[in-house]
Amino acid sequence: MLPPAGQLLRSARGRWQQPLAAAARSGRSLPAPQMLRLKQTGNLKHHKAACYSTLVPSDEVTVSYRYGLPVVTLMLPSRKERCQFTIKPMLTRVGTFLQDIQKEDKGIERAEVFTTDGSKIPTTALMEILLMNDFKLVINNTTYSVQVPVKEKWSREHATEAEDIKSLVHRLFIALHLEDHQLRRERELLQKLDHLREQLVPLEQMKAKIATSADAKTNRLLWTGLALLSTQGGALAWLTWWVYSWDIMEPVTYFITYGSALAFYAYFVLTKQDYVYPDVKDRQFLHYFYRKSRSQHFDVEQYNKLKEALAEVEESLRRLHQPLHLQLPIQEINDKD
């Protein structure tokens, strides 16, 4: 039990009076009394804030590596339990990591990440970038200082083993799921192929009628040209031998030949093509075809798009049925070839 306050004062006064009496008997002078002063520096609000700081030690949130993946361990504020989050650095973003924390503890209303100098890290950043340096994790009103350990670099042997494991997993995945994927892809392409063919049936019928009409008109034009040239030759022969002489018809035939050459040159200037009979026939056929299509309300652009889509689907099916995509042995490949 502590003594009363009066007794403490009397004992303290006695301890001070004993040195004074001894000094008086010996004739020595006592030193001047000194006072110890305590001075408060800085702003009072700053000291109060320091007393109530929410900064907690870094061991509340830890980062470690397990099986090559970083594991973030933190204390959930509402449940008072430590929870571990395994991160895939190259796939997980900061926003996804914060959402996982909030899903785990419904009492978390605010979760943000800052750098050590106070700059906010965007939620779209990858966790791989975040785990390169230390950072601060803010949960509600609590700030956690997180120290990221230095990840040990794999040796060349470990890297080679990891690549071999990845290759093995890839081959196993292909062996287990390739057939299902090919069947599903083939089913989708066949359905798309049937749909395109159904859309093309009426267009093909209309296009066949228009092409037949245009081809008939083109053939009639060719026969008309042949008849005109034959008539021109017969008229020149009749004028040369029965009406006039060659001396009179020679300049006429010259100007006819010159006029024909001029007409051919004008065709080249207008069409930028040589006057070749197959090309002239195709050009005239297309002229009749497009004119007939406008009168019959046949959409040529839609027909061309459907034909291109059909060709792409057929090419995809052909490539899907190739032996290499079916993972067939060499003998079966040769047999199919």
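Residues numbered from 1 in each chain as written. Predicted model: local features only at pLDDT ≥ 70, side-chain atom pairs only at ≥ 80, totals over all residues. Heavy atoms only, no water.

1. Here's the deal with the packing of aromatic side chains
Then, number 1: In this structure the tally under the stated criterion is nine aromatic pairs.
Then, number 2: Ring centres of Y254 and F255 lie 5.4 Å apart, and the angle between their planes is 75°; this geometry places the pair in the edge-to-face category. Each member of the pair, Y254 together with F255, is exposed.
Then, number 3: Among the aromatic side chains, those forming a connected cluster through ring pairs are F285, F289, Y290, F298 and Y303. (Phe/Tyr/Trp six-rings, centres within 6.5 Å; stacked < 30°, edge-to-face > 60°. Buried < 20%, exposed > 50% of the residue type's maximum accessible area, 1.4 Å probe, protein only.)

2. What to know about helix α7 (residues 277-296)
Then, number 1: The first and last C-alpha atoms of α7 sit 28 Å apart over 20 residues, in line with the 28 Å expected at 1.5 Å per residue.
Then, number 2: In the segment just after α7, H297 is the residue with positive phi, at about 60°. (Helix = DSSP H or I, 4+ residues; strand = E, 2+ residues; numbered from the N terminus. Expected span 1.5 Å × (residues − 1).)

3. What about the side chain of E112?
Then, number 1: In this structure, E112 sits in strand β5 (residues 111-115).
Then, number 2: In terms of polar contacts, E112 uses its side chain to reach the side chain of R110, at 3.1 Å.
Then, number 3: Those residues in contact with E112 that lie beyond four places of it in its chain are L98, K120, K136, L137 and V138. (Polar contact = N/O pair within 3.5 Å; in protein donor to acceptor, adjacent residues only side chain to side chain. Contact = heavy atoms within 4.5 Å.)

4. A word on the UniProt feature "transmembrane region" (unreviewed entry) in the chain
Then, number 1: In the UniProt entry, the feature "transmembrane region" (unreviewed entry) is given for residues 221-240 and 252-270.
Then, number 2: Span residues 221-240 is 100% helix and 0% strand, its end C-alpha atoms 29 Å apart.
Then, number 3: The span residues 252-270 is 100% helix and 0% strand, and its two end C-alpha atoms sit 27 Å from each other. (UniProt positions renumbered as here; feature names shortened; annotations may be inferred.)

5. Observations regarding the sheet that holds strand β4 (residues 81-86)
Hydrogen bonds between backbone atoms are what pair the strands of a sheet, whose relative direction is either parallel or antiparallel.
Then, number 1: Reading across the sheet, the three strands line up as β2-β3-β4 and stay open at both edges, with antiparallel pairing between neighbours. For this open sheet the edge positions go to β2 (62-66) and β4, each flanked by a neighbour on one side alone. Between one strand and the next, the sheet's axes are offset by a mean angle of 30°, whatever the strand orientation.
Then, number 2: As paired strands, β2 and strand β3 (residues 69-76) are joined by five bridges and run antiparallel to one another. In the strand pairing of β3, V63 is matched with V72.
Then, number 3: Most of the contacts of helix α3 (residues 94-104) go to β4, to which it runs at about 145°, and overall it touches β3 and β4. (Pairing = 2+ DSSP bridges. Axes fitted to C-alpha atoms, helices over the stretch in contact; angles between N-to-C directions.)

6. Thoughts on unusual backbone geometry
Then, number 1: One non-glycine residue, K272, adopts positive backbone phi at about 60°.
Then, number 2: Turning to its location among the elements, K272 is positioned in the loop between α6 (246-271) and α7.
Then, number 3: When its relative accessible area of 63% is taken as the criterion, K272 is described as exposed.
Then, number 4: We note that H297 has phi near 60°; this positive angle belongs to a residue other than glycine.

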